[in-house]
Amino acid sequence: MKSVLYVLSAMAVMGLAFWAYNENYQTQQALKEVDRLQRDIGERREALAVLRAEWAYLNRPERLNDLVNMNFERLSLLPLTPEQFGRVDQLSYPVAPEAVTLEIDNSVAVQGDQP
Amino acid sequence: MIRTPLRPLARILRARETGENPDAIEAENLRLRHEEMRDKSRFQAEGRLLVLSVFFFCAFALVGARMGLLAASEAEEPRARATGAAILAQRADITDRNGRILATNLFTNSLYAQPPIMVDKARAARELARIFPELDEKELLEDFSGSRKFLWIRKKLSPEQKQAVHDIGDPGLLFGPREMRLYPNGKLAAHILGGASFGREGVHSAEVIGVAGVEKAFDDFLRDPANGGRPLELSIDLSVQTAVRQVLYGGMKLMNAKGAAAVLMNIHTGEIVAMVSLPDFDPNDRPTPALTGDPADSPLFNRAVQGVYELGSTFKIFTTAQSMELGLTKANTMVDADAPMKWGRFTIREFDNKNYGPKLSVTDVIVHSSNVGTARMAMEIGGVRQKEFLRTLGFLEPTPVELVEAPGAKPIYHSNWSEITTITASYGHGIAASPLHLAAGYSSLLNGGTLVKPTLLRHDSVALGPRVVSREVSTASRDMLRQVVTRGTASFGRVPGYEVGGKTGTANKPKHTGGYYEDKNINTFAAIFPSSDPEYTLIISMDEASDNSSDKPRRTAGWTAVPVAAEVIRRVAPLLGLRPIIEEIKAPEVTLTSN
């Protein structure tokens, strides 16, 4: 009975040792992976910063202005003016003819004064 | 444990037989027992002390060993933990109010040399001089062959230049990583941003420090890793700034001006939406300040903030507003405006020696820009109250704007506020302030009468400042300024749909030797729009402008600064999201006319 107990505990110790060994190597592997990922993230962030800077540089108003001027024939873009910016009810649609009531009973010239 | 009896029977009996005192035996035994007990408890106590001292020794040894280990070992980032607030860059970005980048960092390399490990010094010097035209081959070779062990060659390299240096293939030419500051928009907001340069430099990195403008004013914020890379949000709007700069540049050329400045401010919050000073510079390549000549002629000079000049008639509205606030006059009160006015040895004249008098309403004093009218009103107000009012509006102190240059731009005025100062200050002479002061003053007076502080930072909401003038006075002043544009000196300022109101100001430039130039002016136009419910204040100031389109050069603000301001408003108002106010369309009228 006693010898069985000894064998079992010896096997348990060996098993635990194997498990600890395995776990140790897995941890080191995971740390290496984390290192690699951190470096990767760092590089990507750097690349992102460069791209953002480049985006800002390519979209600088001066360059856009030049591009608009170069492509004026195709785009015909002009600065926004107040006339292009309003509400629909501010537009002066042509007045319907029936809205104008005229009673002309003498022979004088009629001069319309439409806004 | 066998307990020895204190009076063992055998010894007692023997003692009794021999006639000895048996109590002596008991006493002797008691003594022995006590001694034994004492020895035992001492042994126990000593054991406890030993255990305790071993425990303390181990604890202190552990702490000591850990401290030693921490001190001796190389610092290491915690690797197993997920990254929290990572340091993204050495210096945070600066963005405009919509998040568009005004300043950011770029990774680049610096070039240094270690002459002792160089292979072919002559060839390296020759090749370097070929790649970088500003380097001199002879000087380089001298440096390389001298006793120096280390020298910097370039602080920043482009990737192409780096490759070219690589191709030289000399092991003594080495690169150090660098973060450099980049302003992708070039000259656009040069005076606001300022610029940056390297501080302490090492091989592996260099400090980037702000040298002027916002970069210097917020140096600590931008470099604070605790912000986690959060950008600094300015109140500037990139597209508005572009439009203002473009129009102002055109206006400056058209009006033959030496320089120009513009400030566009949100009238309610004091946020500066655009601020331009021309001529300007490229902050990527900041010029060195000139050591000779007038610093005001340098492109580094920020006219909008540092340009402290007499602002002329734009000050008149403050005089009339204070007079109305004190209840001395109303908008339609007739005041004495009989020119010229004699005061002591001084004579106060109107522009071009005109006489608008003998009596003018307060509104017409503003509309015709009558010096005599405001002078009389100022005398009624009195110097003490006038000075106090101007102090409330911030005209006697440097502006609190977040630029490192701002505290140096102190308004200039006589320390002794005499009666003649009262008279001249009422129409903007004898007191010099910057366009930014004027923008803040106009905003405070005309936004309903609450004080605003100029700021370059984006604020989502701003608490209402203390009251400067009553709402009625503010409204009446706006009405007067509107009339200046509809029927007064600023008739070129009309912009259909935006109800521009404003006041012109023309002041002669002071000579350095004293006195004033006859033919050099500072022309200022201070405008608000739309004047019925103002949203923005615009100040345009032009240095030595003259309109030469007719036979005689016209140097008044009405001919120079006003048309430029009108064009700025026309361009900028739609960008700011202001819808034009369109007059009501009347029903079609038919008129009968006879032929």
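The sections below set out a description of the structure shown in this document.

The rules we used
- Residues numbered from 1 in each chain as written.
- Chains lettered and ligands numbered in written order.
- Predicted model: local features only at pLDDT ≥ 70, side-chain atom pairs only at ≥ 80, totals over all residues.
- Buried ≥ 20, exposed ≤ 12 C-beta atoms within 10 Å, placed from the backbone.
- Helix = DSSP H or I, 4+ residues; strand = E, 2+ residues; numbered from the N terminus.
- Pairing = 2+ DSSP bridges.
- Axes fitted to C-alpha atoms, helices over the stretch in contact; angles between N-to-C directions.
- Parallel < 35°, antiparallel > 145°, perpendicular 65-115°, else oblique.
- Left-handed = near helix turned anticlockwise from the far one by under 90°.
- Contact = placed C-beta atoms within 7 Å.
- Nonpolar A, V, L, I, M, F, W, Y, C, P; charged D, E, K, R; others polar.
- Core = buried A, V, L, I, M, F, W, Y, C linked by C-beta atoms within 7 Å.
- Domains from an automatic or database assignment.

### So, helix α5 (residues 159–168) of chain B
The buried count for α5 of chain B comes to one of ten residues, which makes it a mostly uncovered element. The first or second residue beyond α5 of chain B is G169 of chain B, which carries a positive phi of 75°.

### Structural notes on the sheet that holds strand β16 (residues 431–433) of chain B
Residues and elements named next belong to chain B. Strand order across the open sheet formed by three strands is β10-β16-β15, with antiparallel pairing between neighbours. Every other strand in the sheet has two partners, leaving β10 (309–310) and β15 (412–413) as the edge strands with one partner each. The pairing of β10 with β16 spans two bridges and is antiparallel. Note that in β16 the partner of E310 across the bridge is A432.

### Here's the deal with unusual backbone geometry
A cis amide bond, omega -5°, links L278 of chain B with the succeeding residue P279 of chain B. For the peptide bond that leads from F529 of chain B to P530 of chain B, omega is -20°, which places it in the cis range. When you line up the elements, P530 of chain B lands in the loop between β18 (516–529) and β19 (536–543). In this structure, S76 of chain A is a non-glycine residue whose phi angle is positive, near 50°.

### Considerations on helix α15 (residues 419–426) of chain B
Residue and element names in this part refer to chain B. Extensive coverage of α15 is indicated by the burial of six of its eight residues. Along α15, the residues that are buried comprise T421, T422, I423, T424, A425 and S426. After α15 finishes, the residue G428 shows a positive phi value of roughly 80°.

### Some remarks on the packing of helix α3 (residues 121–131) of chain B against α5 of chain B
Geometrically, a packed helix pair is captured by the angle between its two axes and the distance between the axes. Residues and elements named next belong to chain B. At a minimum axis distance of 10 Å, the contact between α3 and α5 shows a crossing angle of 160°. Between α3 and α5, the angle falls in the class roughly antiparallel. Like other packed secondary-structure pairs, α3 and α5 cross with a definite hand, here right-handed. For the pair α3 and α5, the contacting residues are A124, E127 and I131 in the first and Q161, A164, V165 and I168 in the second. Across the contact of α3 with α5, the residue classes break down as five nonpolar, one polar and one charged.

### Considerations on the environment of G213 of chain B
Tracing the chain through its elements places G213 of chain B in helix α7 (residues 213–217). For the pair G213 of chain B and R570 of chain B, spaced 357 residues apart in sequence, the C-alpha to C-alpha distance is 29 Å.

### Brief notes about the environment of N302 of chain B
Residue and element names in this part refer to chain B. Tracing the backbone through its elements, the reader meets N302 in the loop between β9 (272–278) and α10 (303–306). Exposure remark for N302: the 26 C-beta atoms within 10 Å place this residue in the buried category. Sequence separation of N302 and R494 is 192 residues, and the distance between their C-alpha atoms is 28 Å. N302 has contacts with H191, S277 and E405, leaving out every residue within four places of it along the chain.

### Quick word on the nonpolar core
Residues and elements named next belong to chain B. Ranked by internal contacts, the top residues of the largest apolar core, which has 131 residues, are V244, A262, V263, L264, A565, V568 and I569. Element by element, the count of residues in this core is highest for helix α18 (residues 561–575), at nine residues. Formed jointly, this core draws a minimum of three residues from each of two domains, domain 1 (94–232) and domain 2 (239–286 + 295–575).

### Some details on the sheet that holds strand β8 (residues 259–266) of chain B
Residues and elements named next belong to chain B. Judged by pairing direction, the sheet is antiparallel, and its five strands sit side by side in the order β9-β8-β19-β18-β17 without closing on themselves. The sheet terminates laterally at β9 and β17 (501–510), the two strands that pair on one side only. Neighbour-to-neighbour, the strand axes of this sheet turn through a mean angle of 10°, independent of strand direction. Both β8 and β9 contribute to a ladder of six bridges, which runs antiparallel. Among the inter-strand pairings, L264 is bridged to a residue of β9, identified as A274. Those strands touched by helix α9 (residues 238–254) are β8, β9 and β19, and its axis lies near 30° from that of β9.

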